[in-house]
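Residue-level structure breakdown
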Amino acid sequence: MNYFSPDNKHNPYGKWVMSRINKDFKNERFFQKITKNDILERGNSYGIKKRKILAQVLKDQYQEWPEDKNIISNINKILNPASVTVTCGHQLCLGLGPLYVHSKIKETQYFSNFLCQEHNAIVIPIFWMATEDHDYEEIRHLQFQDHKFSIKKSFKGRSVGSLPADIATDVIKEMIEKLGSNQPLNELLEKFQIAYTKGGSLADATRRLIHEMHPEVLCIDASDKRLKDMALDLWRDEILTQSLYNSRDTSIWDNAKRTPPVPFNESMMFYLKDGRRTRINFENGNYYSDGIFWSPKDLVEEIQSHPERISPNALLRPIYQEFILPNMAYIGGFGEVEYWLQLIPYFKKMGKLRIRIMPRTSFSWWTKSISKKWKKISNDDVHFWISKKDFRENFLKTQGIMEEYSYPLYEAAKIVIESEYNHELGVQESAKSWLQRIKNDEKRMNKRIRRNVIKRNDHDLKKFKEFRDQHYPNDKLQERHWTVLDLVYNFGSFTSSKYLDALTVQNNGFIWILEE
């Protein structure tokens, strides 16, 4: 494989978030390089009691692999008072979901290894499973080419991690029936089948798949009662003083006339019981959820007695993560990073300044076919990020065709008509209508000429469309549309190690992986 990082000049992705980081937060510790002292500080701030609880929880969650040396080693490292973690996370998508889930897991592994070597440190890569998320609709589908495979059973308001793994068995069988004639795909789908048919929950199935594909990384299911209990100070503070809400600062979004991705509410919590997850609201000094009412004191007592019943929302979740992990860095996409930008005032107010927030790298896999198509269509005016519309306009321009809304005949006629007729009383309106008819006729003629040129040169435009459909399927980054099924189909195997090789290349946040 070859690797290169494209020119970012015309790249539209993540521009606003990166501009805010480079302007508003340029000098903030959250985006600075990690030093040896940072790692020592973070490790020492996480007590041995917490380490023992975290290690035991992970041992319990990994009891399917009692003899796995990688797992045992990583869990034991947590007990070392100098060790820290680097974390990424995602929902429990069917088959692990889009390709960028795999790339950020591999980047978390890569960065952990980098810190280990750079600072002679002990760094454990962690994948945070969003087991308490209740948006079932977002996780029940897996797209492959024109096929959309879906779990048929319906659930509402349930935390997805608690759902039984075998709800996916029928859709896995369907995939095998439709795609199993392809040997590499069949081998991958057999791994899916094992993960979802061995019993347990969707959280268990997801852990099995990640262990199969990324064995160097530990998964954590943070719904465990012992971990919730570890964060009692957080829940108590949020219930009694609402620190996150009261530290909010939306000025950077207000100034840009944007809405923060997660609204600030006085309660950032959900109530979780018997698998159901319902929002905890705050009104007139009291909390309530699904017909249950508490005073702040009563809710604190409820959570002290049943810590497993509290669940953070999308904005409180990263703070919970920092309570229960000795975390040094979080790696996420621009959407996730924007969540973290909302949290910076809170972290500064609470004196929690050690975490580093890192936008992940994006990847695109280029088959030989994609590379050949790009070579045929590329020139000085055509860049990687060009849209279909801009490519078409650029092509027409090279053919000497005027812009779509250019009216030279109308402009010339306007000068003559205004000179010769506008001074005649009673004909101004007629002259105006005449001009509009000329403009309408010229507009129709322009469209006809453009259609004819496009039709005659359909081959060139078709080559761009073929490139675009592979590189930006459905006008999305490839990593958001492709899944591991596409990768195996096009390259013959799941070559996740290529992400690690690619990350050694100096890059600007985007890397193309090219088939040789």
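Residues numbered from 1 in each chain as written. Predicted model: local features only at pLDDT ≥ 70, side-chain atom pairs only at ≥ 80, totals over all residues. Heavy atoms only, no water.

Attention now moves to the sheet that holds strand β10 (residues 286-289). Reading across from one edge, β9-β10-β11 is the order of the three strands in this open sheet, with antiparallel pairing throughout. Only two strands of the sheet have a single partner each, and these edge strands are β9 (281-283) and β11 (292-294). In this sheet, adjacent strand axes meet at a mean angle of 30 degrees when their direction is disregarded. Here β10 pairs with β11 via three bridges, running antiparallel. (Pairing = 2+ DSSP bridges. Helix = DSSP H or I, 4+ residues; strand = E, 2+ residues; numbered from the N terminus. Axes fitted to C-alpha atoms, helices over the stretch in contact; angles between N-to-C directions.)

Now for the packing of aromatic side chains. With the rule as written, the count across this model stands at 30 aromatic pairs. For the ring pair W385 and F510, a centre distance of 5.0 Å and an interplane angle of 80 degrees mean the geometry is edge-to-face. In this pair, W385 is assigned in the loop between α17 (368-377) and α18 (388-398) and F510 in strand β16 (residues 510-514), connecting sequence segments 125 residues apart. Looking at W385, the relative accessible area reads 7%, which means it is buried. The exposure class of F510 is buried, given its relative accessible area of 2%. Sitting above the plane of the W16 ring, R258 keeps its charged end 4.0 Å from the centroid. If you follow K352 out to its NZ or CZ, it ends over the ring of F323, 4.6 Å from the centre. (Phe/Tyr/Trp six-rings, centres within 6.5 Å; stacked < 30°, edge-to-face > 60°. Buried < 20%, exposed > 50% of the residue type's maximum accessible area, 1.4 Å probe, protein only. Lys NZ or Arg CZ within 6 Å of the ring centre and 35° of its normal.)

Positioned with a positive phi, K257 is a non-glycine residue whose angle comes to about 55 degrees. Note that K257 resides in the loop between α13 (251-255) and β7 (269-273). A residue is classified by how much of its surface remains accessible, and K257, at 80% relative accessible area, is exposed. The residue N284 is not glycine, and still its phi comes out positive at about 55 degrees. With respect to the element layout, N284 can be found in the loop between β9 and β10.

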